[in-house]
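Take a look at the letters that make up each chain.
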Amino acid sequence: MINMIRAFIFDLDGVLTDTAEYHYRGWKRLADGEGLSFSRADNEHLRGISRRESLMLILKDRVYPEEKIQEMMERKNSYYLEFIKEISPRDLLPGAKELLEEIRAAGLKNALGSASRNASEVLDRLGIRSLFDAISDGYSVERQKPAPDLFLHAARQLGLPPAECVVVEDAAAGVEAAKAGGFRSIGLGPPKRVGDAEAVFPGLSGVRLADLLKALDATQFAR
Ligand code: BG6
Ligand code: MG
C-alpha cells in the first residue's frame, strides 16, 4: 500500500547522541597538530562522511603517502575513542529514547544506519541496543553515504522495501543517501544542511511518532 511506514532507520552521530561534536573535536585536534586549517564550518561538510573521506576533505589537494594517511586516521580515531569513553545513557539527545520506544510500541521497527565503525560501542554505552531490530554500521558496506548502500543494507536486514522506511539524518550526505535509495526522509538541524529531506525538525526533542507521520503525510502500518 502506498505511503505506509513500517520502520525508521536512524543515523547515530548527531541524531541520537551528540557524538558529531566529538568527531569534530577529533579532526580539529588532528588538523591543529598537522598545521592544517579546519573550522566548525568546514566540519559541516564532514557530517555523515566516512573516516577516510573526511580526512581527504581536510587534506584538500595535499598528497600524502598511504602510510601517513592510515596513521592520521588512526590518530583521529584514538582521540575519538578517548572522547566516547565517558558516554552513558545521559548522553542520549532529548526525545531520542522516547521516540525509539514509541516506534517499537506501535509495532514498527527501528534500525541503525551509521557510517561509524564505533557505532556498536556507542550504542552499548548509550544502553539502547535492545531498541533496534537491525544494525548497519561502518563495517556493513563498502560505499558509504551519500551512496544509499548502508540504508539499503539496513532495509534488507529488516526485510522491508525502502519506500516503507523513514531515514532520520542530521547530515546532507545522509539525506542524499536516503533519497538515492528511495527511502522516506526526515532531516534534523538547519534547513541549510538537511533542507533536501521531505521534512525537517530542529531535533528529536518533543517529537512524537505522529508528528513524523504527519510531516510525511503518511500512515503507519496497522497490524
Ligand atoms: C559518521 C559521522 O556517523 O561516522 C562521521 O557522522 C564519521 O563524522 C563517520 O566520520 C565514521 O566514523 P568512525 O567512527 O568510523 O570514524
Ligand atoms: Mg550523523
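Look a little higher up for the structure.
Residues numbered from 1 in each chain as written. Chains lettered and ligands numbered in written order. Predicted model: local features only at pLDDT ≥ 70, side-chain atom pairs only at ≥ 80, totals over all residues. Heavy atoms only, no water.

Trainee: Sorry if this is basic, but what is going on with the overall build of the protein here?
Mentor: In terms of helices and strands, the protein carries ten helices and eight strands. By the compact-globule yardstick of 17 Å for 223 residues, the protein fits well, its C-alpha radius of gyration being 17 Å. Each of the three principal axes of the protein carries a C-alpha extent, and together these read 55 × 35 × 30 Å. When burial is assessed residue by residue, the protein has 52% of its 223 residues classed as buried. Sequence separation of 24 or more characterises 62% of the internal contacts of the protein that already satisfy a separation of 6 or more. Of the charged side chains in the protein, 31 are positive and 34 negative, and the gap between their average positions amounts to 1 Å. (Helix = DSSP H or I, 4+ residues; strand = E, 2+ residues; numbered from the N terminus. Rg over C-alpha atoms; globule rule 2.2 N^0.38 Å. Buried < 20%, exposed > 50% of the residue type's maximum accessible area, 1.4 Å probe, protein only. Contact = heavy atoms within 4.5 Å. Lys, Arg positive; Asp, Glu negative; His and termini not counted. Charge placed at Lys NZ, Arg CZ, Asp CG, Glu CD.)

Trainee: Before we go on, may I ask you to explain helix α5 (residues 96–105) in this structure?
Mentor: Every α-helix carries 3.6 residues per turn, so stepping three or four residues along brings you back to the same face. For α5, every residue scored as buried is listed here: Ala96, Leu99, Leu100 and Ile103. Down the axis of α5, the buried set is contained in an arc of 100°. They therefore lie on one face. Along its buried surface, α5 packs onto β2 (7–10), β3 (109–113) and α10 (209–215). At the exit of α5 stands Gly107, carrying a positive phi of roughly 85°. (Arc of directions from axis to C-beta.)

Trainee: It is not clear to me how the environment of Gly33 should be interpreted in this structure. Could you clarify?
Mentor: Within the secondary structure, Gly33 sits in helix α1 (residues 19–33). In this structure the C-alpha to C-alpha distance between Gly33 and Glu71, which are 38 residues apart in sequence, comes to 13 Å.

Trainee: What should I look at first to understand the site of ligand 1 in this one?
Mentor: Surveying the vicinity of ligand 1 reveals 14 residues, the closest of which are Asp13, Arg51, Ser116, Arg117 and Asn118. Here Asn118 contributes a side-chain N or O atom positioned 2.7 Å from an oxygen atom of ligand 1. Expressed as a share of its isolated accessible area of 390 Å², the protein-covered part of ligand 1 is 97%. The residue inventory of the shell around ligand 1, partitioned by class, reads three nonpolar, seven polar and four charged. (Near = heavy atom within 4 Å. Polar contact = N/O pair within 3.5 Å; in protein donor to acceptor, adjacent residues only side chain to side chain. Areas by Shrake-Rupley, 256 points an atom, 1.4 Å probe, with all protein chains shown as cover. Nonpolar A, V, L, I, M, F, W, Y, C, P; charged D, E, K, R; others polar.)

Trainee: What exactly am I supposed to notice about the pattern of salt bridges here?
Mentor: Pairs can form between side chains of opposite charge once their charged atoms are near each other. One pass over the full model with this rule turns up 22 salt bridges. Among the salt bridges present, the one from Arg75 reaches Glu34, with a minimum N-O distance of 2.6 Å. Placement of Arg75 in helix α4 (residues 66–84) and of Glu34 in the loop between α1 and α2 (40–44) is noted, with a sequence separation of 41 residues between them. Residue Glu71 pairs with Lys68 through a salt bridge whose shortest N-O separation is 3.9 Å. (Salt bridge = Lys/Arg side-chain N within 4 Å of Asp/Glu carboxyl O.)

Trainee: Explain the coordination of the magnesium ion (ligand 2) here, please?
Mentor: Reference values for coordination geometry: four tetrahedral donors around a metal ideally subtend 109.5 degrees, six octahedral donors ideally subtend 90 or 180 degrees. Only Asp11 (OD), Asp13 (O) and Asp170 (OD) from the protein coordinate the magnesium ion (ligand 2), and they sit 2.0 to 2.1 Å from it. Written as a sequence motif, the donor arrangement for the magnesium ion (ligand 2) is D-x1-D-x156-D. One end of the pair, Asp11, is in the loop between β2 and α1; the other, Asp170, is in the loop between β5 (165–169) and α8 (172–180), and 159 residues separate them in sequence. Classification of Asp170 as buried rests on a relative accessible area of 2%. (Donors = N, O, S within 2.8 Å, 3.2 Å for Na, K, Ca; no water.)

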